[in-house]
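Geometric and topological summary
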Amino acid sequence: MALKVKFLKSAVVPKDYPHGKKPEVGVIGRSNAGKSSFINALVEGRNQKVAKVSSTPGKTRLLNFFQAGDHYLYVDMPGYGFASRSYGERDDWKPMVEQYLKNRENLVAIVLIMDIRRDWEQEEQLMWEWAQFHEIPLVVVLNKMDKVKRNFQLRRARQLAEKSGVNSVFMISALKKQGIDELEDYLFRNFVKDTPRKEPQDSADSE
Ligand SMILES: Nc1nc2c(ncn2[C@@H]2O[C@H](COP(=O)(O)OP(=O)(O)O)[C@@H](O)[C@H]2O)c(=O)[nH]1
Ligand SMILES: [Mg+2]
């Protein structure tokens, strides 16, 4: 089941975050891992695009909030991957993202998107430790599964779970829209409180 996803707003500082108490799932990962593509893949209908997928890695400089259905939001964050970027950009990234991750009460989970072909490295490890320290659930998503063979996919998911100790590991292809609904379903069920996605039908319960 696809979701109605729409772009809500961009923000840098807390006063510009959306108001209200809807749960938010933060989408984080290296530049080019497919964060924006994942949000695009959630969109109902084939040719709509809501998140800007940039061909220039690391171009997104803002926190981008997307409304997902009626119940929650996704926050597309600028990519990390400090090694390939200048110090200036690195300095930009940290306060904005850290401020959001540390203080945002609406944040219910972090989705860490990785290119399935890349190793779990220090930056992923730091993010995972940080999430554990702050007791925010973290889900690892191995994207671009269409780029590798089935054997590699399975081996990769297993290796990663072993190396990182993360127990929620998903594989998707944002491009081919594989594994998207399962992931969204998991996020919704586990982190978006107990609010039913659809209002229950009026049952004629009397008394
Ligand atoms: N083959 C393949 N390419 C993908 C997939 N997801 C994203 N890409 C490509 O990877 C590049 C970076 O994607 P983008 O969503 O902008 O990454 P972001 O920087 O993490 O937001 C783009 O050229 C996408 O078309 C996927 O599942 N499969
Ligand atoms: Mg992006």
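Residues numbered from 1 in each chain as written. Chains lettered and ligands numbered in written order. Predicted model: local features only at pLDDT ≥ 70, side-chain atom pairs only at ≥ 80, totals over all residues.

1. Some remarks on the overall build of the chain
Defined as follows: Helix and strand assignments follow DSSP, with helices taken as H or I runs no shorter than four residues and strands as E runs no shorter than two, numbered in order from the N terminus. Contact between two residues is assigned whenever their backbone-derived C-beta positions fall within 7 Å.
A count of helices and strands for the chain gives five helices and seven strands. Along the chain, helices (α) and strands (β) appear in the sequence β-β-α-β-β-α-β-α-β-α-β-α when read from the amino end. Looking at the chain alone, contacts between residues at least 24 apart form 74% of all its contacts between residues at least 6 apart.

2. Brief notes about the sheet that holds strand E2 (residues 24-29)
Applicable threshold: Strands qualify as paired when DSSP identifies two bridges or more between them. Only the contacting stretch of a helix is used when fitting its axis, a line to C-alpha atoms as for every element, and angles between N-to-C directions run 0 to 180 degrees.
Pairing in this open sheet of seven strands is mixed, and the strands run E1-E3-E4-E2-E5-E6-E7 from one edge to the other. The open sheet is flanked by strand E1 (5-11) and strand E7 (169-171), the only strands paired with a single partner. With direction set aside, neighbouring strand axes in the sheet form an average angle of 25°. Contacts from helix H3 (residues 122-133) reach E2, strand E5 (107-115) and strand E6 (138-143), with the element oriented near 165° to E5. In the packing of helix H5 (residues 180-191) onto the sheet, the strands contacted are E2, E5, E6 and E7, and the crossing angle to E5 comes to about 155°.

3. A few points about the site of ligand 1
The test is simple: Working rule for contacts: place C-beta from the backbone, and if it is within 6 Å of a molecule or strand, that residue counts as near it. Polar here means any residue other than Ala, Val, Leu, Ile, Met, Phe, Trp, Tyr, Cys and Pro, which are nonpolar, and Asp, Glu, Lys and Arg, which are charged; Gly is therefore polar.
In the vicinity of ligand 1 lie 20 residues, with Gly34, Lys35, Ser36, Ser37 and Leu175 positioned nearest. Per-element tally for the shell around ligand 1: the top contributor is helix H1 (residues 35-42), with three residues. Of the residues in the shell around ligand 1, the class split is five nonpolar, eleven polar and four charged.

4. Some points on unusual backbone geometry
To keep it simple, the criterion reads: We call a residue exposed when 12 or fewer other C-beta atoms sit within 10 Å of its C-beta, buried when the count reaches 20 or more, and partly exposed for counts in between; the C-beta positions come from the backbone.
Of note, the phi angle at Asn32 is positive, near 80°, even though the residue is not glycine. You can call Asn32 partly exposed: it has 19 C-beta atoms within 10 Å. The phi dihedral of Glu135 falls on the positive side, at around 55°, and the residue is not glycine. Along the chain, Glu135 falls in the loop between H3 and E6.

5. Some points on helix H4 (residues 150-164)
For clarity, the cut-off: Given a helix with a known number of residues, its expected span is that number minus one, times 1.5 Å.
The terminal C-alpha atoms of H4 lie 21 Å apart, and with 15 residues this matches the ideal 21 Å at 1.5 Å per residue to within 8%. Two residues or fewer past H4, Gly165 is found with a positive phi of approximately 80°.

6. Topic: the confidence of the model for the chain
Let me state the cut-off plainly: pLDDT expresses, on a scale from 0 to 100, how confident the predictor is about each individual residue.
Averaged over all residues, the pLDDT of the chain is 84; the fraction at 70 or higher stands at 79%. The secondary structure element of the chain with the lowest average pLDDT is helix H2 (residues 87-103), at 73, and the one with the highest is E6, at 98. Scored below 50 in pLDDT, residues 82-88 makes three contacts in the model with residues more than four places away or belonging to other chains. For the stretch residues 195-200, pLDDT sits under 50, and the model shows four contacts to residues farther than four places along the chain or on other chains.

7. What to know about the pairing of E6
As a reminder, the rule being used: For the handedness criterion, the strands are oriented away from the viewer, and a crossover whose path from the first strand over the helix to the second runs clockwise is classed as right-handed.
Where burial is concerned, most of E6 is hidden: six out of the six residues are buried. Burial of E6 is two-sided: the residues Leu138, Val140 and Leu142 facing one way and the residues Val139, Val141 and Asn143 facing the other way are all buried. Here E5 pairs with E6 via six bridges, running parallel. Following the sheet pairing, Ile113 is matched in E6 by Val141. Crossover connection from E5 via H3 to parallel E6: handedness right-handed. For the crossover that starts at E6, traverses H4 and ends in the parallel E7, the hand is right-handed.

8. Concerning H5
Heads up, the condition is: Taking the helix axis as origin, the arc is that swept by the directions to the C-beta atoms.
Spanning twelve residues, H5 covers 16 Å between terminal C-alpha atoms, matching the ideal 16 Å at 1.5 Å per step. Along H5, the residues classified as buried are Ile180, Glu184 and Leu187. End-on view of H5: buried residues confined to an arc of 60°, all on one side of the axis. Turned more than 90 degrees from where H5 packs its buried face, Glu182, Asp185 and Arg189 sit exposed.

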